[in-house]
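# Fold and geometry: a report
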Amino acid sequence: MSQNEQQTEQERLSRKERRKQKRNRRSVALGGILATVLIVGGWGYMVSTNDASQATSTVESPKSVDGEKEKEPKTEKSASADQKKTDQKKKEPKAKKKADKPEISQAAWVTRPFADVYQDANRSSVIYKADLGDVYEILDAENGMVHLKLSDAVEGYIPETDVRMDVPSDVKDKTLLATLQQVVANQPIEKPEQYLGQPLEKFEAKYGALGNTQKDAVNTYHFSNAGYLLVVSDGIIEAIDWTNASASGLSALGEPVVETSYGTWYQGEKLQLKAFPDNGSTRLRLARDPGK
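Keep in mind that what you see is a predicted model, and the values were worked out from it rather than measured. (Residues numbered from 1 in each chain as written. Predicted model: local features only at pLDDT ≥ 70, side-chain atom pairs only at ≥ 80, totals over all residues. Heavy atoms only, no water.)

### Some remarks on the side chain of Asp 289
- For Asp 289, the location among the structural elements is in the segment after β15 (281-288).
- Within the buried core, Asp 289 has no salt-bridge partner, and the shortest N-O distance to an opposite charge, that of Lys 292, equals 5.7 Å.
- A distance of 2.9 Å separates the side chain of Asp 289 from the backbone nitrogen of Gly 291, its partner in a polar contact.
- Not counting the four nearest positions on each side in its chain, Asp 289 is found in contact with Trp 109, Val 135, Gln 267, Lys 270 and Gln 272. (Helix = DSSP H or I, 4+ residues; strand = E, 2+ residues; numbered from the N terminus. Buried < 20%, exposed > 50% of the residue type's maximum accessible area, 1.4 Å probe, protein only. Lys, Arg positive; Asp, Glu negative; His and termini not counted. Salt bridge = Lys/Arg side-chain N within 4 Å of Asp/Glu carboxyl O. Polar contact = N/O pair within 3.5 Å; in protein donor to acceptor, adjacent residues only side chain to side chain. Contact = heavy atoms within 4.5 Å.)

### Considerations on the pattern of salt bridges
- In the structure shown here, the tally under the stated rule is ten salt bridges.
- Here Lys 172 makes a salt bridge to Glu 269, at a shortest N to O gap of 3.7 Å. Placement of Lys 172 in the loop between β7 (163-164) and α3 (173-183) and of Glu 269 in the loop between β13 (263-267) and β14 (271-278) is noted, with a sequence separation of 97 residues between them.
- Across the pair Arg 285 and Asp 241 runs a salt bridge whose closest N-O atoms are separated by 2.7 Å. A residue pair is termed long-range when its members are at least 10 positions apart, and Arg 285 in strand β15 and Asp 241 in strand β11 (residues 236-245) qualify at 44 residues. For the pair Arg 285 and Asp 241, one class covers both residues: buried.
- Residues joined by salt bridges that share partners form a network here, namely Asp 131, Asp 241, Arg 283 and Arg 285.

So far we have only geometry, and geometry alone does not tell us how the molecule works.
If you want it as structure tokens, here you go:
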């Protein structure tokens, strides 16, 4: 084959190759267009069908806000109901304070002066002399003996014949206090009843400490130069005594619970007033009654 023929053949082959490449490019371009059409169509189909959950979420979102708004009146209604309950509680009468109830659920009142209190039910030894009208908690009772709680640290036994399990309130407390003011001259303590059942510190904060003291198995007695003494048990003021008092005005209280030559006892609602002979004079005692 001559040189010209070879050149002619190469040009033919070159044109053939170029035509093949053009066809390939057209095929690739057509395939790309078809793929694009399919992708766009598929996406549109998914939007119109499979993406319904997203469309629902977009629509329901405002409903959620509206639901919260609908709940707000309920909250206000609940708050209003709570306010009504609060107002109702304010209007309701308050329950009685614990102090208005007896401190001793089962009490024994001593019915005679200088009553012997024993260490045990066998009366082996006397540990204390209880006074007329003293009130103690009953722990138990057996074989004619009553087991008493005298203080936080002391217990004892007393014959049933020396105590009562119930005492009527024969006089109003205000009457007892009015009589006290009449029979105690130059009363140095303002409203002494407010200190009964209170810690000794409350009284000392007002009137100062009382340095002269005496003790027995149950009580500590704090003496004042002003003519009175405090009877304190477990740090609590149980009674206040006045010396050199007059017993003549006590007859206005009527019949006492007990009257003996060693002491007279008048019972109020939550207070007691007792008179004891004391070296030719009268010692007057205002005591609280934890059994009432």
